[in-house]
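Below are the chains, spelled out letter by letter.
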Amino acid sequence: MTGMKVLVVGGAGYIGSHMVYDLLRANHEVIVADNLSTGRRSDVHPDAAFVQLDIRDRAALDKLFATHPGIDLVMHFAAKLIVPESVQHPLTYYSNNVDGVRVLVESMLAAGVNTLVFSSTAAVYGEPTLTRPLREDDPLAPINPYGATKRAAEELIAAAGAAHGLNYAILRYFNAAGADSSGDLGLNKPHLTHLIPLATRAALGMGPALTVYGTDWPTPDGTCIRDYIHVSDLTAAHLLAAEHLMDAGGSLTLNLGTNTGSSVLQVIDAVGTYSPCPYVTGPRRAGDPAQLVADSTRARSVLGWEPVRSLDDIVRSDFYYRKYHSA
Ligand SMILES: NC(=O)c1ccc[n+]([C@@H]2O[C@H](COP(=O)([O-])OP(=O)(O)OC[C@H]3O[C@@H](n4cnc5c(N)ncnc54)[C@H](O)[C@@H]3O)[C@@H](O)[C@H]2O)c1
């Protein structure tokens, strides 16, 4: 499907900016709205229209929909997502991640735009004790305000679907990582918290040695297992979900992951292919599940989506982005 007119809120951030590039590559028209709280104006593709606004600002959103008539759907990436920050400032997180979604959905519905693709997270599952990959109908039990706000936003969206006919795709990403094939975009934050960029930075001598939190987990090599998914595989799923909704396929909630996890030591080995990654070991961190892996069978069967990029693709793209382009 080509020629959709898409509003990307949070399109100046890590995943949103990649989404904008891939929407434009697929010949869609893109408007980005972002408050630039963590995103960067320079990461917004020049062919996208840009409006600086906060999604909690109803008047600004109404004006945007009036100025850009004919928007087919909204893709939402405009959240705050740093877990320790959410523990310190929960009300800010509820305001941004829940009230922001409420105001956005109200403005959309008032403007006659009733299709939303929403970025959710594995954090809604909390600290599962299950050792198998997680399915969408497994219990939701977030253990921090970040995860709780995303679960609340999911509930809000589903309720708006039932009451007001909002068509939605809730996409629960596991560990997003990697960089765009152009080399122009990647994960670029002053305070990085994700394992792969911390590991590539350590390997490039751009940051301290990596700390491995716990080597006595009940996993084959004793380190935590996570499901790393390339950001471009995520954007591909968003495009398929948008097409599904535009084809009246019905609302859905899907996990996006690879069905297989990688341990911290496997990530360190993968980075070591490009340059040795120095690391130290530390104690376990509270709130870290041993294993968090997605069962993405539903996304594969409903959307025909298949993640095609490997851990090596993720690590390589992040390594070279950080080496050459992340200034
Ligand atoms: N990065 C991950 O590993 C990951 C994993 C699971 C889910 N997610 C979800 O993906 C989405 C995007 O994450 P990201 O990693 O790209 O984060 P990011 O911080 O890079 O991007 C968020 C963008 O939204 C903007 N924004 C935030 N609040 C806003 C508001 N109130 N109004 C307007 N703009 C606002 C920021 O300026 C930024 O450009 C989030 O919803 C997050 O919960 C991310």
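This is a predicted model, so every value here is computed, not measured.

Student: Please provide a residue-by-residue account of the overall build of the chain, values included.
Tutor: Helix and strand counts for the chain come out as 10 helices and 14 strands. Rg of the C-alpha trace for the chain: 19 Å, near the compact-globule value of 20 Å for 327 residues, within the 12% margin. Each principal axis of the C-alpha distribution contributes one length, and for the chain these read about 55 × 40 × 40 Å. Looking at the chain as a whole, 49% of its 327 residues qualify as buried.

Student: Run through the environment of D227, naming residues and quoting values.
Tutor: Take D227: it is sitting in the loop between β9 (225-226) and β10 (228-230). A C-alpha to C-alpha distance of 22 Å links D227 and P276, two positions 49 residues apart in sequence.

Student: Requested: an account of the domain arrangement of the chain, with residues and values cited.
Tutor: Under the domain assignment used here, the chain contains domain 1 (5-178 + 230-257 + 297-303) and domain 2 (195-225 + 260-295 + 311-324). One C-alpha centre belongs to domain 1, the other to domain 2; they are set 27 Å apart. Taken residue by residue, the interface counts 17 residues in domain 1 and 12 residues in domain 2. For the side of domain 1 that touches domain 2, the per-class residue count stands at 8 nonpolar, 7 polar and 2 charged.

Student: Which residues make up the packing of helix α4 (residues 90-110) against helix α5 (residues 145-164), and what values do they have?
Tutor: Taken N-terminus to C-terminus, the directions of α4 and α5 make an angle of 20 degrees; their axes are 9 Å apart at the nearest point. If you check the angle between α4 and α5, you find them roughly parallel. In the crossing of α4 with α5, the sense of the turn from one axis to the other is right-handed. Between α4, through P90, Y93, Y94, N97, V98, V101, R102, V105 and L109, and α5, the contact on the second element is made entirely by P145, Y146, T149, K150, A152, A153, L156, I157, A160 and H164. Its residues placed into classes, the contact of α4 with α5 shows 14 nonpolar, 3 polar and 2 charged.

Student: Any details on the site of the ligand? Residues and values, ideally.
Tutor: Neighbouring the ligand are 29 residues, the closest being G10, G13, Y14, G39 and A79. Contributing elements (two or more residues each) for the shell around the ligand: α1 (14-25), α4, β5 (115-121) and β7 (175-177). With 3 residues, α1 is the largest single contributor of residues to the shell around the ligand. Residue classes in the shell around the ligand are distributed as 12 nonpolar, 12 polar and 5 charged.

Student: Now, about the nonpolar core: what can you tell me, with residues and values included?
Tutor: Counting 100 residues, the largest nonpolar core has V8, L116, I157, L171, A199, A237 and L256 as its most contacted members. Looking at this core element by element, the count peaks at 9 residues for helix α7 (residues 231-246). Those residues in contact with L116 that sit more than four places away from it in its chain are L73, V74, H76, V105, M108, I157, L166 and Y168.

Student: Let's hear about α4: which residues, and what values?
Tutor: An α-helix turns once per 3.6 residues; consequently, residues spaced three or four apart project the same way. Between its first and last C-alpha, α4 extends 29 Å over 21 residues, near the 30 Å set by a 1.5 Å rise per residue. Along its length, α4 reaches its greatest deviation from straightness, about 30 degrees, at D99. Of the residues one or two after α4, G112 is the one with positive phi, at around 80 degrees.

Student: For the sheet that holds strand β3 (residues 49-52), give the residues involved together with the corresponding values.
Tutor: Taken together, the 7 strands give an open sheet; going across it, the order is β3-β2-β1-β4-β5-β6-β11, and neighbouring strands pair in parallel fashion. Each edge of the open sheet is held by one strand with a lone partner, namely β3 and β11 (252-256). Within the sheet, the average angular offset between the axes of one strand and its neighbour, ignoring direction, is 20 degrees. The sheet contact formed by strand β6 (residues 167-173) and β11 spans 5 bridges and is parallel. From the neighbouring strand, L171 faces β11, where its bridge partner is L254. Set on the sheet, α4 makes contact with β1 (5-9), β4 (73-76) and β5; between it and β4 the angle comes to about 170 degrees.

Reading the values: rules and limits
Residues numbered from 1 in each chain as written. Predicted model: local features only at pLDDT ≥ 70, side-chain atom pairs only at ≥ 80, totals over all residues. Helix = DSSP H or I, 4+ residues; strand = E, 2+ residues; numbered from the N terminus. Rg over C-alpha atoms; globule rule 2.2 N^0.38 Å. Buried ≥ 20, exposed ≤ 12 C-beta atoms within 10 Å, placed from the backbone. Domains from an automatic or database assignment. Contact = placed C-beta atoms within 7 Å. Nonpolar A, V, L, I, M, F, W, Y, C, P; charged D, E, K, R; others polar. Axes fitted to C-alpha atoms, helices over the stretch in contact; angles between N-to-C directions. Parallel < 35°, antiparallel > 145°, perpendicular 65-115°, else oblique. Left-handed = near helix turned anticlockwise from the far one by under 90°. Near = placed C-beta within 6 Å. Core = buried A, V, L, I, M, F, W, Y, C linked by C-beta atoms within 7 Å. Expected span 1.5 Å × (residues − 1). Bend = angle between axes of the 7 residues up to and from the residue. Pairing = 2+ DSSP bridges.

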